[in-house]
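Letter by letter, the chains look like this.
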Amino acid sequence: NHTIIYGFGSVLQTALGFILIPLYTRYYSTDIYGMLALITICGAVASSIFSLGIAGALSRSYFDYEDLNERKKVVSTSLYLSLIGACVQIALAFLLKEKLSLLIFNTDVYAIHIFTILISSAIAFLNNLFYVILRFEKKSKQVVIVNLISLVTSVILITYFLVILKLGVMAPIMGTLINQVLLLCLLFYLTKGAYGFVYSQPELKIQLLFGIPTMLTGLGHYLLTAVDRFFINKFGTLDDVGV
C-alpha cells in the first residue's frame, strides 16, 4: 500500500512540467523558454552540489538506531548539514549572480532570476529531506496530500504570475519559490517530532562520507544530461535551446 501511494506521489511531483506545457507554449517564445531552461538547470546543478547528498545519507543512517532519541539526533544532524549547505548556496548566489548571468547570457539582466532560482532550489532540497523523514515514518498519505497541495499551488501561482501579472520568465521562478517556502512551513510542522536541537557528532562524519560521493554522482548526472543546452546556447541561439 505504501509503495502504491508513494508511486502516486512521485507522479504528482513530476506532473507539473507536463501540465504547464500548454501555458508555456502559448505565452513563451522558444528563446524565452530556452532562457528559462538554462536558469532552471543552474538551480538543479547548484542543489545537487550544496545538498551534500544528505537525504541519501539519512537513508543510510536512520535505521541504524532503534532508540527514538538517537534517531532524533541523526535527523537533526542531517537537518543541520542541509541548512549549512542551503545557506552557503544562497550566499554564493548573492555574490555571484551577476557573474553567472554574464557567463550564461552575456548580460547581467538575469542576475535576479538566477538568484531567485538558487534560493528556490536551496529550499527545495531542504523540503526533500522532510519528505524522506515522512517516508521513514510511513506517513504515505501525508506525502501524497502534500504533493497534491504543492501541484495545485504551483499551477495557480505560476498561472497568476504569467497570465495576470505578465512577469514573463520570472513567473515560474517566482511561483516555484513561493510554493517551496509554503511547503517548507508545512513540512517543518508535519515532521516537528522527528528532530531536536541536539545533533550526533559521529553522524557528522558518517553522513558526509556517505553523502559527498552521492553528491558527486548527482552532479555528474546533471552535467551529462544538461550540459548540451549550454553548448547549444554558446554555438547556436536561445531559440535552439528552447526547441
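Before reading on, note that the structure itself is shown above.
Residues numbered from 1 in each chain as written. Predicted model: local features only at pLDDT ≥ 70, side-chain atom pairs only at ≥ 80, totals over all residues. Heavy atoms only, no water.

Now for the packing of helix α5 (residues 68-105) against helix α6 (residues 111-136). Two elements in contact, α5 and α6, have axes whose closest approach is 7 Å; the angle formed by their N-to-C orientations is 160°. For the element pair α5 / α6, the angle class is roughly antiparallel. Once α5 is placed against α6, the crossing between them reads as right-handed. Along the lines of polarity and charge, the residues of the contact of α5 with α6 split into 21 nonpolar, six polar and two charged. (Axes fitted to C-alpha atoms, helices over the stretch in contact; angles between N-to-C directions. Helix = DSSP H or I, 4+ residues; strand = E, 2+ residues; numbered from the N terminus. Parallel < 35°, antiparallel > 145°, perpendicular 65-115°, else oblique. Left-handed = near helix turned anticlockwise from the far one by under 90°. Nonpolar A, V, L, I, M, F, W, Y, C, P; charged D, E, K, R; others polar.)

Within the largest apolar cluster, 31 residues are counted, with the highest numbers of intra-cluster contacts made by Tyr 24, Met 35, Ile 39 and Phe 105. Of all the elements in the fold, those that place two or more residues in this core are α2 (21-27), α3 (30-50), α5, α6, α7 (140-164), α8 (170-190) and α10 (238-242). Discounting residues that sit within four places of it in the chain, Tyr 24 has contacts with Tyr 33, Leu 36, Ile 158, Leu 162 and Pro 172. Core analysis: the second largest hydrophobic core is formed by 22 residues, Leu 81, Ile 133, Leu 187 and Tyr 195 among them. (Core = buried A, V, L, I, M, F, W, Y, C linked by side-chain atoms within 4.5 Å. Buried < 20%, exposed > 50% of the residue type's maximum accessible area, 1.4 Å probe, protein only. Contact = heavy atoms within 4.5 Å.)

Attention now moves to α5. Counting along an α-helix, one turn takes 3.6 residues, and residues three or four places apart therefore face a common direction. The principal kink in α5, of about 65°, is found at Leu 96. At the N-terminal end of α5, a side-chain oxygen is found 3.1 Å from the backbone nitrogen of Asn 69, two or three residues along, and the residue is Asp 67. Once α5 finishes, Asn 106 follows within two positions and takes phi at roughly 60°, a positive value. (Bend = angle between axes of the 7 residues up to and from the residue. Polar contact = N/O pair within 3.5 Å; in protein donor to acceptor, adjacent residues only side chain to side chain.)

By the secondary structure assignment, Ser 48 is in helix α3. The exposure class assigned to Ser 48 is buried, which follows from its relative accessible area of 8%. A polar atom in the side chain of Ser 48 sits 2.6 Å from the backbone oxygen of Val 45.

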